[in-house]
Amino acid sequence: MSESNLMMHHYLAKYLRQERMPHIWCEGCGNGILLNCFLQAINELNVDLNKIVVVSGIGCIGRVSGYINVDSFHTTHGRAIAFATGVKLANPELEVVVISGDGDLFAIGGNHFIHAARRNVDIKVICANNFNYGMTGGQYGPTTPLDAWTTTTPYGNIEHPFNLAHLAAAAGAVYVARWTSLHVRRLKASIIKALQKEGFSFIEMISPCPEIFDRYNKMGTAVDVMKWFRLVSQVRHGCDPAKAEITENEILVGEFVDIEKPSYGRLLREMTSRVQDKLKREES
Amino acid sequence: MVDESRAVLTGTHFMSGDLACAEGALAAGCQFFGGYPITPATEISERMSRRLVEVGGVFVQMEDEIGSIAAVIGASYAGKKAMTATSGPGFSLMQENIGLAVMTETPLVIVNIMRGGPSTGQPTMPGQQDVMQARWGSHGDYEIIALAPSSVQEMFNLTIECFNLAETYRVPVILLADEIIGHMWERVKIPPAEEINVVSRKKPKTPTAEYQPFKPDKDLVPPMACFGEGYRFHATGLTHDEKGAPETVSAEVQTELVKRLADKIRKNAEKIVKAQRVMLEDADVAVIAYGIPSRAALSAVREARKKGIKAGLLRLVTIWPFPQELVSDVAKQVKAIVVPEMNYGQLVREVERAAKTTPVILLSKLGEEPHRPSEIIEAMRRAVK
Ligand SMILES: Cc1ncc(C[n+]2csc(CCOP(=O)(O)OP(=O)(O)O)c2C)c(N)n1
Ligand SMILES: [Mg+2]
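Residues numbered from 1 in each chain as written. Chains lettered and ligands numbered in written order. Predicted model: local features only at pLDDT ≥ 70, side-chain atom pairs only at ≥ 80, totals over all residues. Heavy atoms only, no water.

Participant: Please clarify how the overall build of chain B should be interpreted in this entry.
Facilitator: Helices and strands together make up the secondary structure of chain B, namely 13 helices and 16 strands. For a compact globule of 385 residues, the expected C-alpha radius of gyration is about 21 Å, and chain B comes in at 21 Å, within 12% of that figure. Reported as C-alpha extents along the three principal axes, the dimensions of chain B are approximately 70 × 50 × 40 Å. Here chain B, with 385 residues, has 63% of them falling under the buried criterion. Counting contacts in chain B only where the partners sit at least 6 residues apart, residues at least 24 apart contribute 75% of the total. Entry remark: accessible area of chain B is about 14600 Å², with carbon and sulfur atoms responsible for 51%. On chain B, the mean spot of the 44 positive side-chain charges and the mean spot of the 47 negative ones are 5 Å from each other. (Helix = DSSP H or I, 4+ residues; strand = E, 2+ residues; numbered from the N terminus. Rg over C-alpha atoms; globule rule 2.2 N^0.38 Å. Buried < 20%, exposed > 50% of the residue type's maximum accessible area, 1.4 Å probe, protein only. Contact = heavy atoms within 4.5 Å. Areas by Shrake-Rupley, 256 points an atom, 1.4 Å probe, with all protein chains shown as cover. Lys, Arg positive; Asp, Glu negative; His and termini not counted. Charge placed at Lys NZ, Arg CZ, Asp CG, Glu CD.)

Participant: Sorry, what's going on with helix H6 (residues 152-169) of chain B here?
Facilitator: Note that an α-helix has 3.6 residues per turn; residues three or four places apart therefore point the same way. All names here are of chain B. Spanning 18 residues, H6 covers 26 Å between terminal C-alpha atoms, matching the ideal 26 Å at 1.5 Å per step. Counted residue by residue, H6 has 15 buried out of 18 residues, so it is predominantly covered. Directly beyond the C-terminal end of H6, a positive phi value near 55° is found at Arg170. (Expected span 1.5 Å × (residues − 1).)

Participant: How do you make sense of helix H7 (residues 184-196) of chain A when you look at a structure like this?
Facilitator: All names here are of chain A. For H7, built from 13 residues, the straight-helix expectation of 18 Å at 1.5 Å per residue is met to within 8% by its first-to-last C-alpha distance of 19 Å. The set of residues buried in H7 consists of Leu187, Lys188, Ser190, Ile191, Ile192, Ala194 and Leu195. Taken together, the buried residues of H7 touch helix H2 (31-45), strand E3 (95-101), strand E4 (124-129), strand E5 (175-180), strand E6 (201-206) and strand E8 (251-258).

Participant: What am I meant to see in the interface of chain A and chain B here?
Facilitator: You'll often see interface size given as the accessible area lost when the parts meet. The partner chain B presents 47 residues to the 41 residues of chain A that form the contact. With both chains or domains summed, chain A and chain B bury close to 3500 Å², and 57% of this area falls on carbon and sulfur atoms. Contact with chain B buries area across many residues of chain A, yet Asp71, Phe73 and Gln276 of chain A alone supply 16% of it, more than any other trio. Our enumeration of links across chain A and chain B arrives at two salt bridges. Taking the shortest distance from any N to any O, the salt bridge between Arg119 of chain A and Glu63 of chain B comes out at 2.7 Å. The tally of links from chain A across to chain B stands at 23 residue pairs in polar contact (both at pLDDT 80 or more). Among the elements that make up the side of chain A that touches chain B, the one with the highest residue count is helix H10 (residues 264-283) of chain A (nine residues). Of the residues in the side of chain A that touches chain B, the class split is 15 nonpolar, 17 polar and nine charged. Here strand E2 (residues 71-74) of chain A pairs with strand E10 (residues 234-236) of chain B via three bridges, running parallel. When the bridges of E10 of chain B are listed, Phe73 of chain A appears paired with Ala235 of chain B. (Buried area = accessible area lost by both parts, 1.4 Å probe. Salt bridge = Lys/Arg side-chain N within 4 Å of Asp/Glu carboxyl O. Polar contact = N/O pair within 3.5 Å; in protein donor to acceptor, adjacent residues only side chain to side chain. Nonpolar A, V, L, I, M, F, W, Y, C, P; charged D, E, K, R; others polar. Pairing = 2+ DSSP bridges.)

Participant: Which parts of the structure should I look at to understand the packing of helix H3 (residues 80-90) of chain A against helix H3 (residues 65-77) of chain B?
Facilitator: For any two helices packed against each other, one specifies the inter-axial angle together with the distance between the axes. The interhelical angle for the contact between H3 of chain A and H3 of chain B, taken along N-to-C directions, is 45°, at an axis separation of 6 Å. Comparing the axis directions of H3 of chain A and H3 of chain B gives the class oblique. Crossing hand, H3 of chain A versus H3 of chain B: right-handed. Taking contact as the criterion, the partners of Ala82, Phe83, Gly86, Val87 and Ala90 of chain A in H3 of chain A are, on H3 of chain B, Gly67, Ala70, Ala71, Ile73, Gly74, Ala75 and Tyr77 of chain B. Taken together, the residues of the contact of H3 of chain A with H3 of chain B break down into nine nonpolar, three polar and no charged. (Axes fitted to C-alpha atoms, helices over the stretch in contact; angles between N-to-C directions. Parallel < 35°, antiparallel > 145°, perpendicular 65-115°, else oblique. Left-handed = near helix turned anticlockwise from the far one by under 90°.)

Participant: What is the right way to look at the coordination of the magnesium ion (ligand 2) in this model?
Facilitator: Reference values for angles at a metal are 109.5 degrees in the four-donor tetrahedral case and 90 or 180 degrees in the six-donor octahedral case. Residue and element names in this part refer to chain A. Protein coordination at the magnesium ion (ligand 2): the donors are Asp102 (OD), Asn130 (OD1) and Asn132 (O), at 2.1 to 2.3 Å from the metal. Every donor residue of the magnesium ion (ligand 2) comes from the same chain, spaced as D-x27-N-x1-N. Residue Asp102 is found in helix H4 (residues 102-108), and its partner Asn132 is found in the loop between E4 and helix H6 (164-171); the two are separated by 30 residues along the sequence. Accessibility expressed as a relative area gives 1% for Asp102, which makes it buried. (Donors = N, O, S within 2.8 Å, 3.2 Å for Na, K, Ca; no water.)

Participant: For this particular structure, what's the right way to read the domain arrangement of chain B?
Facilitator: All names here are of chain B. Domain parsing of chain B yields domain 1 (4-195) and domain 2 (277-383). Spacing between the C-alpha centres of domain 1 and domain 2 amounts to 27 Å. Across the boundary between the two partners, domain 1 contributes 27 residues, which contact 24 residues of domain 2. Roughly 2000 Å² of surface becomes buried between domain 1 and domain 2 when both sides are summed, with 59% attributable to carbon and sulfur atoms. (Domains from an automatic or database assignment.)

Participant: Would you take a moment to explain the side chain of Asp104 of chain A for this structure?
Facilitator: Residues and elements named next belong to chain A. Secondary-structure assignment places Asp104 in helix H4. No salt bridge is formed by the buried Asp104. Its closest oppositely charged neighbour is Arg79, at 7.5 Å. Side-chain polar atoms of Asp104 contact the backbone nitrogen of Ile58, separated by 3.0 Å. Among the polar contacts made by the side chain of Asp104, one reaches the side chain of His77 at a distance of 2.8 Å.

Pasting the structure below:
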């Protein structure tokens, strides 16, 4: 079968905007894996494709919204979560998913992230964490490890990175999970779980960046990086995210947080009913 | 639950410009407000936080103005009429996403109750210092619509007009008011709901599979599908073709898109532009004003007539797109034009361009005090001497 035929017959093909292929991502990049897991999740959940909205910011992974055949919006850099907040509050029937990068969500967009988590807006945020700004050619960002070489840390990185899972938990997310691009089945399961859960959910996927970050830091090929993931990652469900710092020797993965808390939308609707009922009583 | 029966407060009220603006928004069908408090626009947020809940809409106080406008764009794409309100510092923060709204053809309303700048400036004092920022604040080539109210009644009426224009042309529209109009209390008449002209975005008639989100009709405006309606479309701030697919290198697509986005306003400018002509028929000196100075200008013109000066007023309601033709018509007829502005000379530059060889005199005011009629009369007297 030719490549295009293959694609048409793939069981996930109907979820893709096939006319937008090929995608822009480098060989070995984890973004395709994340996209694949996401499509598998919506396939298994059998969600109404007319009621799901994918929002992304700017960056390599930011292009993902243009590839998925649902309502989608590619916002400005950092603003995906704020945009998604408006969508979800304006139409609570929609399932709103943000898929974006470590730089987009946690540097320029960090403020929106913590506040959406605090409000417990019922949106799902999935981050492809490749430890750098891939799109602009490999500058350091808020998740770049200490000492790493990037194009703007030519003497090594002297900034301490965020532990994203810990940040999300502290800000109030009701569901927090971390996986690497090696953990495809578990990542898919987490996406399914998040989609079924009410409230602000956060899933981090540690991603190889073979052409840029991994190359600069002499981490080998994409396969070598996957081998490293296998070597150092340990599944620790329920582990305290504060203790899940990512280091060269250890990447703790798993579901760290899974709690219940009323979402912003629910509280808003309850308040609205209360206010409107009171008005009606006063009028009659 | 949406309850439109409470949206229009029909009757005669005594209220401030900010409150009238909020009521105008509700009367226009606004169902979403995302904002961040800032003097002198805070009262709009406060009113909306109470009233939107009554009508079953959504009020959310975002973490900053960047988030506010982003949420408003999202709400508009989710099918709701949406707005935000701010002042200079917040308006500055919104600029990048105003460009996103232009690029993604998002109907929405931004209210800017102008105070004194630059920077934090004079938060409680009036200004008209964001006139050029409203026009050119975001990067790239684009046209924008901005209206300047000069009374509390107009805060109500023009807010509705802003929504109607936003929905008609799929653009962000700016209500550019000043602190005095925002905080001034006056009588406002709110008509019955059925007498208010409310326009909503046109919807696609094509089958969902054939829908192209950025394919315009003859009027250059594409029908707008919203999320959840089954069209499954993509929108992006990147240059895109009619299907919404990014086109990041093609000069042809870039040219076509940027021109259309500007032309849908340029070519409809005559329909959009509103201005009031007062005693201009035989005038040989004119005042061109907008917002708070136009009130002093009106008294000045009336007073000047009594003193034998043939004065007239062109009050601009629409400041962007700039009413080029109206101003050049006035310029052809008069010996001089006086432009009172609460800034150090902004819209006067456009007046000068339109006036060609007719002398244009700027009356600049910065800070607390608006223009006095006597100052405007004096300027006119000197101009025609
Ligand atoms: C306001 C603004 N500043 C800077 C940029 C340039 N820029 C584009 S993508 C990007 C970084 C993206 O990094 P990340 O979110 O980690 O995504 P990745 O490319 O690594 O997938 C930057 C800085 C921009 N588009 N907008
Ligand atoms: Mg990145």
